[in-house]
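# Structural overview
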Amino acid sequence: MNANTIETTNVGLVEAIYAAFAKGDIPAILATMDPAIEWVSGGSRDDFPTLGVRHGVDGAASFFRDVAQHDQFTSFEPRQFVASGNMVVALGHYGITVKSTGAHFESDWAHVFTIKDGKGVRFQEFTDTAAFLKAGRV
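These lines cover the structure that appears in this document, whether it is placed above or below. (Residues numbered from 1 in each chain as written. Predicted model: local features only at pLDDT ≥ 70, side-chain atom pairs only at ≥ 80, totals over all residues. Heavy atoms only, no water.)

Attention now moves to the layout of surface pockets. Its volume calculated, the largest pocket comes out at about 150 Å³. Forming the walls of the largest pocket are F21, A22, G24, I26, F64, V67, A68, D71 and F73. Those elements giving two or more residues to the lining of the largest pocket turn out to be α1 (3–23), α3 (56–70) and β3 (71–84). For the lining of the largest pocket, the element with the most residues is α3, which contributes three residues. (1 Å grid on protein atoms, 1.4 Å probe; cavity = no way out; pocket = protein on both sides within 12 Å on 5 of 7 lines; lining within 4 Å. Points joined across faces, edges and corners; volume = space filled by probe spheres on them. Helix = DSSP H or I, 4+ residues; strand = E, 2+ residues; numbered from the N terminus.)

Following this line, the structure appears as structure tokens:
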């Protein structure tokens, strides 16, 4: 495959992941992942339960369980996709109400997916981790 075909295919995979997330279809998301995926979301789990580093599909699944337990999305908007080789960067925005405190915040985010042989091998989220910390401790 040439670079443009790989990039188009990889963007399609990421778009499918977001479509599955919008429907709450976590098994479909997990099916796109390499068994050894590294899942990195912002800062430390000590600051907020959905943050931190997780490993493997089970680790990624634990992220989605924590999100369901702690976050209520009021918006989730992937807005732009940038692909280069095996990497896709998605830029977007979300609004979250923390279930335990009722505090609401909004943040722009960047998600970086690394894809190898059609499977996600690494995910990293860049977001306003201070907003997570503050909303979780109101």
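Moving on, we get to the packing of aromatic side chains. Enumeration over the complete set of coordinates arrives at 20 aromatic pairs. Measuring from ring centre to ring centre gives 5.8 Å for F73 and Y94, while their planes differ by 70°; the resulting arrangement is edge-to-face. Of this pair, F73 sits in strand β3 while Y94 sits in strand β4 (residues 87–98), and the two are 21 residues apart along the sequence. Its relative accessible area of 25% is what places F73 among the partly exposed residues. (Phe/Tyr/Trp six-rings, centres within 6.5 Å; stacked < 30°, edge-to-face > 60°. Buried < 20%, exposed > 50% of the residue type's maximum accessible area, 1.4 Å probe, protein only.)

A water-sized probe, rolled over the atoms, reveals where empty space remains. If you walk through the whole model with that rule in mind, you get one cavity of 30 Å³ or more. Looking at the largest cavity, its volume works out to about 280 Å³. Lining the largest cavity we find 25 residues, and of these W39, F63, F64, H111 and F123 sit closest to its centre. Considering only residue class, the lining of the largest cavity consists of 17 nonpolar, five polar and three charged. (Nonpolar A, V, L, I, M, F, W, Y, C, P; charged D, E, K, R; others polar.)

Moving on: the pattern of salt bridges. As enumerated under the stated definition, the model contains four salt bridges in all. Residue R122 pairs with E38 through a salt bridge whose shortest N-O separation is 2.8 Å. Placement of the pair is R122 in strand β6 (residues 119–126) and E38 in strand β1 (residues 33–41), with a sequence separation of 84 residues. Residue classification places E38 among the partly exposed positions, given a relative accessible area of 26%. Between D66 and R54 there is a salt bridge; the shortest N-O distance is 3.0 Å. On the criterion of sequence distance, the pair formed by D66 in helix α3 and R54 in strand β2 (residues 52–55) is long-range, its members being twelve residues apart. Relative accessible area serves as the criterion here: at 12%, D66 is assigned to the buried category. Several salt bridges converge on common partners, so that one network encompasses R45, R54 and D66. (Salt bridge = Lys/Arg side-chain N within 4 Å of Asp/Glu carboxyl O.)

What follows concerns the nonpolar core. Among the nonpolar cores identified, the biggest contains 32 residues, and M33, W39, F64, F105, F113 and F132 are the most heavily contacted of them. Where this core is concerned, the elements lending two or more residues are α1, α2 (26–30), β1, α3, β4, β5 (104–116) and α4 (129–136). At six residues, α1 tops the list of elements feeding residues into this core. (Core = buried A, V, L, I, M, F, W, Y, C linked by side-chain atoms within 4.5 Å.)

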